[in-house]
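Summary of structural features
The primary structure of each chain is shown beneath.
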2 protein chains.
Amino acid sequence: MKKVFQGKIFSIWQWEQELYDGSKATFEKASRSDAVRVIAPMPDKTILFVQDEQPDREPVLGLPGGQVDEGESAETAARREFLEETGYEAQRIAPLFSYEPPGRVNFNIHFFIARDLKKIHEPQQSAGEKIELRFFTFDEFLALGQSEELRDLRLRIMLLEAQLDPNKKDILYKMLYE
Amino acid sequence: MKKVFQGKIFSIWQWEQELYDGSKATFEKASRSDAVRVIAPMPDKTILFVQDEQPDREPVLGLPGGQVDEGESAETAARREFLEETGYEAQRIAPLFSYEPPGRVNFNIHFFIARDLKKIHEPQQSAGEKIELRFFTFDEFLALGQSEELRDLRLRIMLLEAQLDPNKKDILYKMLYE
């Protein structure tokens, strides 16, 4: 596999692929840095989301998180982005699940759960991002499964599955609060 | 916006973006051709899926479909890909919904519903693709909402929402069979 382009976010890779009849063709994939997202239950049991506006797009609702920097572990990135965006330090953080969105982009999203939050500063308003914190009760959190406002499709699936299956709902509840 | 790379599938675009404090930074996006997917109810009411194997990846389960070619309309691409992959000609085809998967790739997926199918040939086995047809009853179709095997996350959300809401289920049923 050969890197044919390196941009600020994306790199493009091409390779010769043998097909089923023995002939060959050039295949192409993109890759970009992995992302991290953090589910953080607050002391009052609400779940912390961010309404994130960037200069090139409308505000979107999502979990706190961002990109993993070069050479950084996903866990370190999760702690760093969570603190930057929300102003809270996660004294404990644990991996929950990871997935690769479908499509020809090599790119994983790693979910974490953050506990024992300690307020360090106000949410950071950088030149490139405007952030507002939003808080959802457990039932409101589940109802985000039906919300087009929530961008992460895999998270919506997790929430819809918890609505459909009392066992999954129970597991999710315990994971968040115990 | 300036195109800085054109590959076989992806192109990469960069532009100078003014930030909230008036400073500027280089932003980057990728784009690729749109995709089409076709929901096709058979005369026995089963829904047609394809198990699609390509030389660079494991078989995946999905709706018949593929990429929109340059200069082609989404509807023409849907008819063409559906015929190629399944061997059926859709005598009627109607747009259902479209969505853009989250992430920094400009790329839309257009869903269609195909009716009055006419068998033209066997599913095409090209050098670059091995295809097997699979058929799901309406209840099995709904149950694919919980299946990690099904790659399209937006389709899984539609199926889970239909399981949760009798009205949505009813609308989906009518859309498929009436």
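Nothing here was measured: the structure is a model prediction, and the numbers come from that model.

**Brief notes about the interface of chain A and chain B**
Accessible area lost upon the coming together of the parts is a frequently used measure of interface size. Of the residues lining the interface, 48 residues belong to chain A; the matching set on chain B comes to 48 residues. When the two sides are added together, the surface that chain A and chain B hide from each other amounts to roughly 4,200 Å², 65% of it contributed by carbon and sulfur. Listing elements by their share of the side of chain A that touches chain B, those giving two or more residues are β1 (2–6), β2 (10–18), β3 (24–32), β5 (47–54) and α3 (153–164) of chain A. For the side of chain A that touches chain B, the element with the most residues is α3(A), which contributes eight residues. Classifying every residue of the side of chain A that touches chain B by side-chain character gives 19 nonpolar, 12 polar and 17 charged.

**Structural notes on helix α4 (residues 166–177) of chain A**
Residues spaced three or four apart along an α-helix face the same direction, because each turn holds 3.6 residues. All names here are of chain A. With 12 residues, α4 extends 16 Å between its outermost C-alpha atoms, agreeing within 8% with the 16 Å of an ideal straight helix rising 1.5 Å per residue. Along α4, the residues classified as buried are Leu172, Leu176 and Tyr177. End-on view of α4: buried residues confined to an arc of 105°, all on one side of the axis. Residues of α4 that are exposed and angled more than 90 degrees away from the buried face: Asn167 and Ile171. In the core, the buried residues of α4 are packed alongside β4 (35–39), β5, β10 (109–119), α2 (138–143) and α3.

**Focus on the nonpolar core**
Grouped together as the largest cluster of nonpolar side chains are 66 residues, with contacts concentrated most on Phe49(A), Phe141(A), Phe49(B) and Phe141(B). Setting aside chain neighbours within four positions, we find Phe49(A) in contact with Leu61(A), Gly62(A), Leu63(A), Pro64(A), Glu132(A), Leu133(A), Arg134(A), Phe136(A), Phe141(A), Leu144(A), Leu150(A) and Leu155(A).

**Focus on the packing of aromatic side chains**
Residue and element names in this part refer to chain B. Tallied over the entire structure, the rule returns 17 aromatic pairs over all chains. Ring geometry for Trp15 against Phe27: centres 5.9 Å apart, planes inclined by 50°, an arrangement best described as tilted. Linking Trp15 in strand β2 (residues 10–18) with Phe27 in strand β3 (residues 24–32), this pair joins segments that are 12 residues apart in sequence. Both residues of the pair, Trp15 and Phe27, belong to the buried class. Above the plane of the ring of Tyr177 lies Lys45, whose end atom (NZ or CZ) is 5.2 Å from the centre.

**Description of the sheet that holds β3(B)**
Strand pairing within a sheet occurs via backbone hydrogen bonds; the two strands may be parallel or antiparallel. Residues and elements named next belong to chain B. With respect to topology, four strands assemble into an open sheet ordered β1-β2-β3-β9, the strand pairing being mixed. The outermost strands of the open sheet, each flanked by one partner alone, are β1 (2–6) and β9 (105–106). Two strands pair when backbone bridges link them, and β2 and β3 are joined in this way by nine bridges, in the antiparallel orientation. Considered in β3, the bridge of Glu18 is made with Lys24.

Here is what the cut-offs are and how they apply
Residues numbered from 1 in each chain as written. Chains lettered and ligands numbered in written order. Predicted model: local features only at pLDDT ≥ 70, side-chain atom pairs only at ≥ 80, totals over all residues. Heavy atoms only, no water. Contact = heavy atoms within 4.5 Å. Buried area = accessible area lost by both parts, 1.4 Å probe. Helix = DSSP H or I, 4+ residues; strand = E, 2+ residues; numbered from the N terminus. Nonpolar A, V, L, I, M, F, W, Y, C, P; charged D, E, K, R; others polar. Expected span 1.5 Å × (residues − 1). Buried < 20%, exposed > 50% of the residue type's maximum accessible area, 1.4 Å probe, protein only. Arc of directions from axis to C-beta. Core = buried A, V, L, I, M, F, W, Y, C linked by side-chain atoms within 4.5 Å. Phe/Tyr/Trp six-rings, centres within 6.5 Å; stacked < 30°, edge-to-face > 60°. Lys NZ or Arg CZ within 6 Å of the ring centre and 35° of its normal. Pairing = 2+ DSSP bridges.

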